[in-house]
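Fold and geometry: a report
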There are 2 protein chains.
Amino acid sequence: MELTLPGLDPTSDRPVFKQIADHLREAIERKDLAPGAKVPSEATLMTHYGVARMTVRSALQLLQGEGLTVAEHGRGVFVRSRPPVRRLASDRFARRHRDRGKAAFIAETEEAGGKPSVDSIQISEADASSDVAKRLGLTTRDKVLVRSRRYLINGHPVETAVSYLPAAIAGGTRIAEPDTGPGGIYARLEEMGYRLDHFDEEIKARMPLREEVKALRLAPGTPVFHLVRTAFAEDGMAVEVCDTVMSSDAYVLSYQLPAR
Amino acid sequence: MELTLPGLDPTSDRPVFKQIADHLREAIERKDLAPGAKVPSEATLMTHYGVARMTVRSALQLLQGEGLTVAEHGRGVFVRSRPPVRRLASDRFARRHRDRGKAAFIAETEEAGGKPSVDSIQISEADASSDVAKRLGLTTRDKVLVRSRRYLINGHPVETAVSYLPAAIAGGTRIAEPDTGPGGIYARLEEMGYRLDHFDEEIKARMPLREEVKALRLAPGTPVFHLVRTAFAEDGMAVEVCDTVMSSDAYVLSYQLPAR
DNA sequence: ATCCCAGACTCGTCTAGAGGAGTCAAGTGC
DNA sequence: GCACTTGACTCCTCTAGACGAGTCTGGGAT
């Protein structure tokens, strides 16, 4: 497969680096540059277009910012190949799944043929932040149990999560242990008599913070989903808030809405 | 408010432009640079840090890519102030809302005190793409009615949407008119006997394509939600697929999941 | 008082270099 | 045969300029 790029249009008032980016972007969209393929090197593009190094780099930077390419130091620039995505169905926390004795993440990942793992588990107790307090119906003077962890598939991190539970409920229970046991937090809550009724999920999309780029090993130009889930017991009380950040190219979220 | 930036750390092996970006990012996070505030000019930063123009620009570019700042040609670089967001509740298509005679978007926006409008309405008939055909249970030889439009709040575009309906159902009806009448597409479908049962929504987050940046007037570093909704009638038939792209900083999506 | 324009200041694009560091493969020496 | 060195190739960081174009303000002409 020979890649041929058009020349520059000197009559256009579109900046040169954008024109170059356009050519490459089109080649990627046409699959002339397939996912994983190597983009022509900076030197090649310089001579092809007869422009300075920085001009070519600006073009490549643009594509990287759009999430279309990744640069690998010493190797080249490559068309990004999207990892297989995980679909999160809206029944993922249904009791029938939980009853099988596995936490939602573990069960789903194995079903999809991946190797799930969890690391960086940290547990502490702290004052509720004002946002968490509001969601849990507490005050900022109330203590909450904070469980943070990172989820990985086949060794690659895809999601970080921090759960907040009223310390009055979860303190001293197995929920405060690193291993929460079969079925995870939600199974423990139900055993303790907090029968779960429903979850509220709030979803934002944004560019990641620096820590998130590191924790999720995100390529430049990858946005994240920021999802805050609140679990409600049957008596209407909020029993958990889970704040998760997910790599957007590892997930498709899926929900069912009633029409009536 | 006087902004004071630290000097460079010559012992650090972190590149200079990243150090400069760090300083500015921290100032923004600390609110020393409040939303809407002007970031020191390139010239100022050059002399403060004693570096070349391109180095300063790289730092600013980084922040822009993170969605933290916007540059305005001739005026300066400013800390981005987020527009008020619209919350999309999971009952937004419930019949009780539709019965009030307004389409979901119009009703919701007015309720929030904004001025909704719709433009760029285009209607055509075409062969179903393979994706749309699959979702609607058709073949690629079947015709679909294609309705595309753009939604604006207070004159600012926030969302583009393209609906696909089987031409066999919607062709020649009011759904094929620019003005679909009170309650919108879904009200017409119900009048025609397709009582709606539920919707499936699939959500991705990604960086926008070039056209999307233009259509939604997106600032650099703003990801989009890409949402595909399929409407199902009570007999289980898919009657509409709606493909929408939304500016991520205009929306928070909100869903309710059952726990049982 | 008003209008217009020049100049200062801003960011945008581009050039033409430099040295650094990671990757890979071919060739060298053992 | 194996380990190591070397060099070519890659992207990364940074310098020091040039010109262009949008914005704003103050001063001069009307």
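This structure is a prediction, so every number in the text was calculated from the model and none was measured.

1. Thoughts on the sheet that holds strand β1 (residues 38-39) of chain A
Pairing between the strands of a sheet is mediated by backbone hydrogen bonds and can be parallel or antiparallel. All names here are of chain A. The three strands lie next to each other as β1-β3-β2, forming an open sheet whose pairing is antiparallel. Looking along the sheet, the strands with just one partner apiece sit at the ends: β1 and β2 (69-72). Summarising the sheet, β2 and strand β3 (residues 76-79) pair through four bridges and their orientation is antiparallel. Bridging from a neighbouring strand, E72 pairs with G76 of β3. Sheet strands in contact with helix α3 (residues 53-65) are β1, β2 and β3, and its direction is about 120° off that of β2.

2. What to know about the interface of chain A and chain B
Counting residues at the interface gives 42 residues for chain A, matched by 42 residues for chain B. Taking both sides of the interface into account, the surface hidden between chain A and chain B amounts to around 3700 Å²; carbon and sulfur atoms contribute 53%. On the chain A side of the interface with chain B, the three residues burying the most area are A:L257, A:A259 and A:R260, jointly 20% of the side's total. Here chain A is connected to chain B by two salt bridges. Across the pair B:R210 and A:D22 runs a salt bridge whose closest N-O atoms are separated by 3.5 Å. Taken together, the links from chain A to chain B amount to 14 residue pairs in polar contact (both at pLDDT 80 or more). For the side of chain A that touches chain B, the secondary structure elements donating two or more residues are α1 (16-29), α3, α4 (95-98), β8 (196-206) and β11 (251-258) of chain A. With 11 residues, the single largest contributor to the side of chain A that touches chain B is β8(A). Per-class residue counts for the side of chain A that touches chain B are 17 nonpolar, seven polar and 18 charged. Taken together, the six bridges between β11(A) and strand β8 (residues 196-206) of chain B define a ladder with antiparallel strand orientation. Residue pairing for β8(B): A:P258 is matched across the bridge by B:H198.

3. Quick look at the pattern of salt bridges
In the structure shown here, the tally under the stated rule is 37 salt bridges over all chains. Among the salt bridges present, the one from A:E201 reaches A:R229, with a minimum N-O distance of 3.3 Å. Pair noted here: A:E201 is in strand β8 and A:R229 is in strand β9 (residues 224-233), with a separation of 28 residues, a long-range link. Look at A:E201 and you get buried, because its relative accessible area is 1%. For B:E66, the salt bridge goes to B:R25, with nearest N and O atoms at 2.8 Å. Here B:R25 lies in helix α1 (residues 16-29) and B:E66 lies in the loop between α3 (53-65) and β2 (69-72), a separation of 41 residues in the sequence.

4. With respect to the environment of B:S129
Residues and elements named next belong to chain B. Along the chain, the position of S129 falls in the loop between β5 (116-127) and α6 (130-136). S129 sits 62 residues away from G67 along the chain, and the two C-alpha atoms are 34 Å apart. Within the local environment of S129, its side chain forms a polar contact with the backbone nitrogen of V132, the two atoms lying 3.2 Å apart.

5. Structural notes on the UniProt feature "domain: HTH gntR-type" (unreviewed entry) in chain A
Listed under "domain: HTH gntR-type" (unreviewed entry) in the UniProt record, and renumbered for this structure, are residues 14-82 of chain A. For residues 14-82 of chain A, the end-to-end C-alpha separation is 30 Å, with 51% helix and 14% strand making up the annotated structure.

6. Quick look at the protein's contact with DNA strand D
Looking at DNA strand D, there are 24 residues lining it, with A:R53, B:V16, B:F17, B:T55 and B:R75 nearest. Restricting attention to atoms of DNA strand D within 4 Å of the protein, one finds that 67% of them are sugar or phosphate atoms. Contacts to DNA strand D include B:A52, whose backbone N or O atom sits 2.9 Å from a phosphate oxygen. One of the side-chain nitrogen or oxygen atoms of B:T55 is found 2.4 Å away from a phosphate oxygen of DNA strand D. Of all the secondary structure elements, the ones that give two or more residues to the surface near DNA strand D are α3, β2 and β3 of chain A together with α1 and α3 of chain B. Its residues placed into classes, the surface near DNA strand D shows nine nonpolar, seven polar and eight charged.

7. Brief notes about the protein's contact with DNA strand C
Around DNA strand C, a shell composed of 24 residues is seen, among which A:V16, A:F17, A:T55, A:R75 and B:R53 lie nearest. Within 4 Å of the protein, the atoms of DNA strand C are drawn from sugar and phosphate moieties in a proportion of 66%. One of the backbone nitrogen or oxygen atoms of A:V16 is found 2.5 Å away from a phosphate oxygen of DNA strand C. Within the backbone of A:F17, a nitrogen or oxygen atom sits 3.2 Å from a phosphate oxygen of DNA strand C. Put simply, the parts of the chain that give the surface near DNA strand C at least two residues each are α1 and α3 of chain A together with α3, β2 and β3 (76-79) of chain B.

8. Points about the packing of aromatic side chains
Tallying each qualifying case throughout the model produces five aromatic pairs over all chains. Ring centres of A:Y255 and B:Y255 lie 3.9 Å apart, and the angle between their planes is 5°; on these two criteria the pair is classed as stacked. Of this pair, A:Y255 sits in strand β11 while B:Y255 is found in strand β11 (residues 251-258), placing the two residues in two different chains. We classify A:Y255 as buried; its relative accessible area is 2%.

9. Describing the relation of the copies chain A and chain B
Rotating chain A by 180° and translating it 0.1 Å along the rotation axis places it on chain B, where the RMSD comes to 0.1 Å. Viewed as a symmetry operation, the transformation between the two copies matches a two-fold axis. Of the interface residues in chain A, 100% have counterparts in chain B that sit at the interface too, so the contact is made through matching surfaces.

10. Describing the side chain of A:S163
Residues and elements named next belong to chain A. Within the secondary structure, S163 is located in strand β7 (residues 156-166). What makes S163 buried here is its relative accessible area of 0%. Polar contacts involving the side chain of S163 include one to the side chain of R149, which spans 2.9 Å. In contact with S163, other than residues within four places in its own chain, are L145, V146, R147, R149, I185, E240, V241 and C242.

Cut-offs and rules
- Residues numbered from 1 in each chain as written.
- Chains lettered and ligands numbered in written order.
- Predicted model: local features only at pLDDT ≥ 70, side-chain atom pairs only at ≥ 80, totals over all residues.
- Heavy atoms only, no water.
- Pairing = 2+ DSSP bridges.
- Helix = DSSP H or I, 4+ residues; strand = E, 2+ residues; numbered from the N terminus.
- Contact = heavy atoms within 4.5 Å.
- Axes fitted to C-alpha atoms, helices over the stretch in contact; angles between N-to-C directions.
- Buried area = accessible area lost by both parts, 1.4 Å probe.
- Salt bridge = Lys/Arg side-chain N within 4 Å of Asp/Glu carboxyl O.
- Polar contact = N/O pair within 3.5 Å; in protein donor to acceptor, adjacent residues only side chain to side chain.
- Nonpolar A, V, L, I, M, F, W, Y, C, P; charged D, E, K, R; others polar.
- Buried < 20%, exposed > 50% of the residue type's maximum accessible area, 1.4 Å probe, protein only.
- UniProt positions renumbered as here; feature names shortened; annotations may be inferred.
- Near = heavy atom within 4 Å.
- Phe/Tyr/Trp six-rings, centres within 6.5 Å; stacked < 30°, edge-to-face > 60°.
- Least-squares fit on C-alpha atoms with pLDDT ≥ 70 in both.

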